[in-house]
Amino acid sequence: MRRRRDWHNAGMPPERLPRVLSGAQPTADSYHLGNYFGAFRQWAALQDDFEAFYFIPDLHAITVEYDPVVLRERTYIAAAQMIAAGVDPARSALFVQSHVPEHTQLAWVLGGVTGFGEASRMTQFKDKSQKSGADSSSVGLFTYPILMAADILIYQADRVPVGEDQRQHVELTRNLAQRFNHRFGETFTVPEAHIVKATAKIYDLQDPTAKMSGSAATHAGVVDLTDTRNQAMKKVRSAVTDSGAEVHFDPVVKPGISNLLSIYSALTDRTVESIEKEYEGLQYGHFKVALGDLVADFVGTFGDRTRELLDDRGELDRILADGAEKARAVASVTLELVYERSGFVRHV
Ligand code: TRP
């Protein structure tokens, strides 16, 4: 039996479903098949058992050089693709981070309990700042994990589905929550990361040892969710395969064909073994043609739905406004509690 959702109950138990929260940066012109299987499909499934908060972290996107016009468009595309992927705005709060000012308000408070050394140990910052040179990195890039902690804690989230690369940020979030609770009294739910299973991991079709990534130099091996049916089909048909001829799952010896098997399995919800059986004695070519058609169908339908949503910006704006309203109803309660615990004079 499912309990009724109550958006106004930010104070912890008893009468609520556990909460799930996640976000995906709008840093490319489209999400790709790897994002779909690695994240969005889980997000959609989790809506059944959790009160869900999903958002587009536009505030995080401005911590590196960017173009405002492009950011705005990408934010709309991100929202449309999340809905096309099954995030249901009627059941979940789907919103844009900058529409909920409580995120940044809480981030400032959390900054006061974050150690400089602690923040300096974040490996994503070290990687990213090394690429652009530490001097040209923004302060925003440095404090990014504190904002991420605020994103999570402001909703008292229980579960945070993220990729392995974000595990350390969720760990920091847990530490900050515990520290704040310890110093100022029980305030935050200590969240748990929900790391995506390895089988849901999709690799680049041209370099199956690298994760499928929107920032790849070429998109020849990246199936974008905005690809046409034909583009998607061609990318799959020209995926690199391994020596040998057998359609067999072995990520070490046959990373190429194994990746294609994972995609096939993810798209059809069939086991890898049953697919291997079906293609026993057949050439890679047969398999790739069949998979190309499956991927083309999926991406084609997905793209149609996304375009429909993008063609009605008014409706998309309304959906996002409604999501922000649901989110703020919860976020404002947490912020008030935090301000009270922090010793601020109440604004009457
Ligand atoms: N940092 C995450 C990423 O790059 C995006 C993100 C921002 C996020 N805030 C979050 C993810 C809160 C989960 C929870 O993928």
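Anything mentioned here points back to the structure above.
This one's a predicted model, so the numbers in the text were calculated from it and none came from an experiment.

S.K.: So what's going on with the site of the ligand? Which residues, and what values?
M.R.: Around the ligand, a shell composed of 14 residues is seen, among which His 60, Tyr 144, Met 148, Asp 151 and Gln 166 lie nearest. The side chain of Tyr 144 places a nitrogen or oxygen atom 2.7 Å from a nitrogen atom of the ligand. Take Asp 151: an N or O atom from its side chain is 2.7 Å from a nitrogen atom of the ligand. Relative to its unbound accessible area of 360 Å², the ligand is 90% covered by the protein chains.

S.K.: Outline the packing of aromatic side chains, listing residues and values.
M.R.: Under the definition given, this model contains 19 aromatic pairs. Centroid distance Tyr 264 to Phe 287: 5.5 Å. Interplanar angle 10 degrees. Geometry classified as stacked. Within this pair, whereas Tyr 264 is found in helix 10 (residues 255-268), its partner Phe 287 is found in helix 12 (residues 284-310), the two being separated by 23 residues in sequence. Each member of the pair, Tyr 264 together with Phe 287, is buried. Taking NZ or CZ as reference, Arg 313 lies 4.8 Å from the ring centre of Tyr 76, over its face.

S.K.: Quick rundown of the nonpolar core? Include the residues and the values.
M.R.: If you look at the biggest cluster of nonpolar residues, it comprises 55 residues, and the most contacted ones within it are Leu 33, Met 82, Phe 287 and Val 295. Beyond its immediate sequence surroundings of up to four residues, Val 295 is in contact with Leu 33, Val 223, Ala 232, Val 236, Ile 263 and Leu 267. Among the nonpolar cores identified, the runner-up in size contains 41 residues, and Phe 142, Met 148, Phe 180 and Phe 188 belong to it.

S.K.: Run through helix 9 (residues 229-237), naming residues and quoting values.
M.R.: If you check which residues of helix 9 are buried, you get Ala 232, Met 233, Lys 235 and Val 236. For helix 9, the buried positions fall inside an angular range of 160 degrees around the axis, keeping them on one side. Of the surrounding secondary structure, the elements contacted by the buried residues of helix 9 are helix 12.

S.K.: Outline unusual backbone geometry, supporting the account with residue identities and numerical values.
M.R.: One non-glycine residue, Gln 156, lies in positive phi territory at about 55 degrees. As for its placement among the helices and strands, Gln 156 is situated in the loop between helix 7 (139-153) and strand 4 (159-162). Phi at Asp 269 is positive, roughly 60 degrees, even though this residue is not glycine. Inspection of the secondary structure assignment puts Asp 269 in the loop between helix 10 and helix 11 (272-278). What makes Asp 269 exposed here is its relative accessible area of 67%.

S.K.: Tell me what's going on with the pairing of strand 1 (residues 19-23), and back it up with residues and numbers.
M.R.: A regular strand places its side chains on the two faces of the sheet in alternate fashion. Summarising burial for strand 1: 4 of the 5 residues are buried, a large majority. Sheet topology places strand 1 next to strand 2 (residues 51-56); 5 bridges connect them, and they run parallel. Residue pairing in the sheet places Leu 21 in a bridge with Phe 53 of strand 2.

S.K.: Describe the pattern of salt bridges, naming the residues involved and giving the relevant values.
M.R.: Under the counting rule described, the total for this entry stands at 19 salt bridges. Salt-bridge contacts for Arg 229 lead to Asp 304; the nearest nitrogen and oxygen are separated by 3.4 Å. With Arg 229 in helix 9 and Asp 304 in helix 12, this pair connects stretches of sequence that are 75 residues apart. A residue is classified by how much of its surface remains accessible, and Arg 229, at 39% relative accessible area, is partly exposed. One salt bridge connects Arg 270 with Glu 278, and the closest N-O pair in it is separated by 2.8 Å. In this structure Glu 278 comes out as partly exposed when scored by relative accessible area, which is 40%.

S.K.: Can you explain the side chain of Gln 42? Please cite residues and give values.
M.R.: Relative to the helices and strands, Gln 42 is located in helix 1 (residues 33-46). Separated by 2.9 Å, the side chain of Gln 42 and the backbone oxygen of Phe 37 make a polar contact. Polar contacts involving the side chain of Gln 42 include one to the main-chain carbonyl oxygen of Gly 38, which spans 3.0 Å. Setting aside residues up to four positions removed in sequence, Gln 42 forms contacts with Phe 37, Val 196 and Ala 200.

S.K.: Pulling in residues and values, what's your account of the pairing of strand 2?
M.R.: Across the 6 residues that make up strand 2, a large majority, 6, are buried. Burial of the side chains of strand 2 extends over both faces: Glu 51, Phe 53 and Phe 55 are buried on one face and Ala 52, Tyr 54 and Ile 56 on the other. Each parallel crossover has a hand, and for strand 1 linked through helix 1 to strand 2 it is right-handed. Here strand 2 runs beside strand 3 (residues 93-96); their pairing, made up of 4 bridges, is parallel.

S.K.: Lay out empty space enclosed by the protein with the relevant residues and their values.
M.R.: For the structure shown, the criterion picks out 1 cavity of 30 Å³ or more. In terms of lining residues, the largest cavity is bounded by Gln 124, Phe 125, Lys 128, Leu 141, Tyr 144, Pro 145 and His 169. Here the lining of the largest cavity is built from residues that sort into 4 nonpolar, 2 polar and 1 charged.

S.K.: If you had to explain the environment of Leu 309 to someone new, which residues and values would you point to?
M.R.: Residue position: Leu 309 is located in helix 12. Assessed through its relative accessible area of 10%, Leu 309 is described here as buried. Sequence separation of Leu 309 and Gln 81 is 228 residues, and the distance between their C-alpha atoms is 8.7 Å. When neighbours within four sequence positions are excluded, Leu 309 is seen to be in contact with Ala 80, Ile 83, Ala 84 and Leu 316.

What counts, and where the lines are drawn
Residues numbered from 1 in each chain as written. Predicted model: local features only at pLDDT ≥ 70, side-chain atom pairs only at ≥ 80, totals over all residues. Heavy atoms only, no water. Near = heavy atom within 4 Å. Polar contact = N/O pair within 3.5 Å; in protein donor to acceptor, adjacent residues only side chain to side chain. Areas by Shrake-Rupley, 256 points an atom, 1.4 Å probe, with all protein chains shown as cover. Phe/Tyr/Trp six-rings, centres within 6.5 Å; stacked < 30°, edge-to-face > 60°. Helix = DSSP H or I, 4+ residues; strand = E, 2+ residues; numbered from the N terminus. Buried < 20%, exposed > 50% of the residue type's maximum accessible area, 1.4 Å probe, protein only. Lys NZ or Arg CZ within 6 Å of the ring centre and 35° of its normal. Core = buried A, V, L, I, M, F, W, Y, C linked by side-chain atoms within 4.5 Å. Contact = heavy atoms within 4.5 Å. Arc of directions from axis to C-beta. Pairing = 2+ DSSP bridges. Salt bridge = Lys/Arg side-chain N within 4 Å of Asp/Glu carboxyl O. Right-handed = clockwise from strand over helix to strand, strands pointing away. 1 Å grid on protein atoms, 1.4 Å probe; cavity = no way out; pocket = protein on both sides within 12 Å on 5 of 7 lines; lining within 4 Å. Points joined across faces, edges and corners; volume = space filled by probe spheres on them. Nonpolar A, V, L, I, M, F, W, Y, C, P; charged D, E, K, R; others polar.

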